[in-house]
Amino acid sequence: MTKPIIYFVLEDMEVEAPIGTTFQEIVDSCGADVTFGCRTGTCGTCRIKIEEGIENISTMEREEKDFLESISANKDERLGCQIKINGNCSINYIGL
């Protein structure tokens, strides 16, 4: 089975990870430049933009949705601490 490829736009780096791996675990293991604050989806420090493959990102839960709506985030923005990777995607770190 092929592992999804996560492309980090800022680093121009590709990383493979098993389906269902949290984005936070991937960042921790590869050293990508993404800052995590609270790690619970309430501070926005880890806000990212899904450049490609948004359909391969886990479904948004209520708390993340409420937070992103409160800051008028775009539909392609997510909180890195709240997502799992289910397929190929390109991600750009934007922070809060």
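Look a little higher up for the structure.
Since the structure is predicted, the reported quantities are computational estimates derived from the model, not experimental observations. (Residues numbered from 1 in each chain as written. Predicted model: local features only at pLDDT ≥ 70, side-chain atom pairs only at ≥ 80, totals over all residues. Heavy atoms only, no water.)

Q: I'm lost on the overall build of the protein in this one. Help?
A: Each helix and strand in the protein was counted, giving two helices and seven strands. Since a compact globule built from 96 residues should have a radius of gyration of about 12 Å, the 12 Å found for the protein is in line with a globular shape. Along the first, second and third principal axes, the C-alpha atoms of the protein reach 40 × 25 × 20 Å. Here the protein, with 96 residues, has 40% of them falling under the buried criterion. In the protein, once contacts between residues fewer than 6 apart in sequence are set aside, the share between residues at least 24 apart is 63%. Put simply, the protein shows about 5,300 Å² of open surface, and 45% of that area lies on carbon and sulfur atoms. Between the centroid of the 9 positive side chains of the protein and the centroid of its 17 negative side chains there is a distance of 6 Å. (Helix = DSSP H or I, 4+ residues; strand = E, 2+ residues; numbered from the N terminus. Rg over C-alpha atoms; globule rule 2.2 N^0.38 Å. Buried < 20%, exposed > 50% of the residue type's maximum accessible area, 1.4 Å probe, protein only. Contact = heavy atoms within 4.5 Å. Areas by Shrake-Rupley, 256 points an atom, 1.4 Å probe, with all protein chains shown as cover. Lys, Arg positive; Asp, Glu negative; His and termini not counted. Charge placed at Lys NZ, Arg CZ, Asp CG, Glu CD.)

Q: How should the nonpolar core be read in this particular structure?
A: Where a protein is soluble and globular, its nonpolar side chains tend to be buried together. Residues Ile6, Phe8, Phe23, Ile85 and Ile91 are the most contacted members of the largest nonpolar core, which totals 22 residues. Elements supplying a minimum of two residues to this core: strand E1 (5–8), helix H1 (23–30), strand E4 (47–52), helix H2 (62–70) and strand E7 (89–93). (Core = buried A, V, L, I, M, F, W, Y, C linked by side-chain atoms within 4.5 Å.)

Q: How do you make sense of unusual backbone geometry when you look at a structure like this?
A: What is expected of a backbone is that most residues other than glycine have negative phi and most peptide bonds are trans. Not every positive phi belongs to a glycine, and Asp12 is a case in point at roughly 50°. As for its position among the elements, Asp12 is in the loop between E1 and strand E2 (13–16). One non-glycine residue with positive phi stands out, namely Ser72, at about 55°. Turning to its location among the elements, Ser72 is positioned in the loop between H2 and strand E5 (77–79). Judged by relative accessible area, Ser72 falls into the exposed class, the value being 62%.

Q: Looking at this model, I keep getting lost on the side chain of Asn92. Mind explaining?
A: Locating Asn92 in the fold gives a position in strand E7. Only 3.2 Å separates the side chain of Asn92 from the side chain of Glu51, close enough to count as a polar contact. Residue contacts for Asn92: discarding those within four places in its chain leaves Val9, Leu10, Ile48, Lys49 and Glu51. (Polar contact = N/O pair within 3.5 Å; in protein donor to acceptor, adjacent residues only side chain to side chain.)

Q: Which parts of the structure should I look at to understand the sheet that holds E2?
A: Within a sheet, adjacent strands bond to each other through the backbone by hydrogen bonds, running parallel or antiparallel. The sheet built from five strands is open, its strands ordered E2-E1-E7-E4-E5 with mixed pairing. On the outer flanks of this sheet lie E2 and E5, each paired with one strand and no other. Adjacent strand axes in the sheet meet at a mean angle of 35° when their direction is disregarded. When E1 meets E2, the two strands line up antiparallel, connected through four bridges. Bridge pairing links Ile5 to Glu16 in E2. Packing against the sheet, H1 makes contact with E1, E2, E4 and E7, and its axis sits at approximately 65° to E1. Its contacts with the sheet place H2 against E4 and E5, and it is angled at close to 125° to E5. (Pairing = 2+ DSSP bridges. Axes fitted to C-alpha atoms, helices over the stretch in contact; angles between N-to-C directions.)

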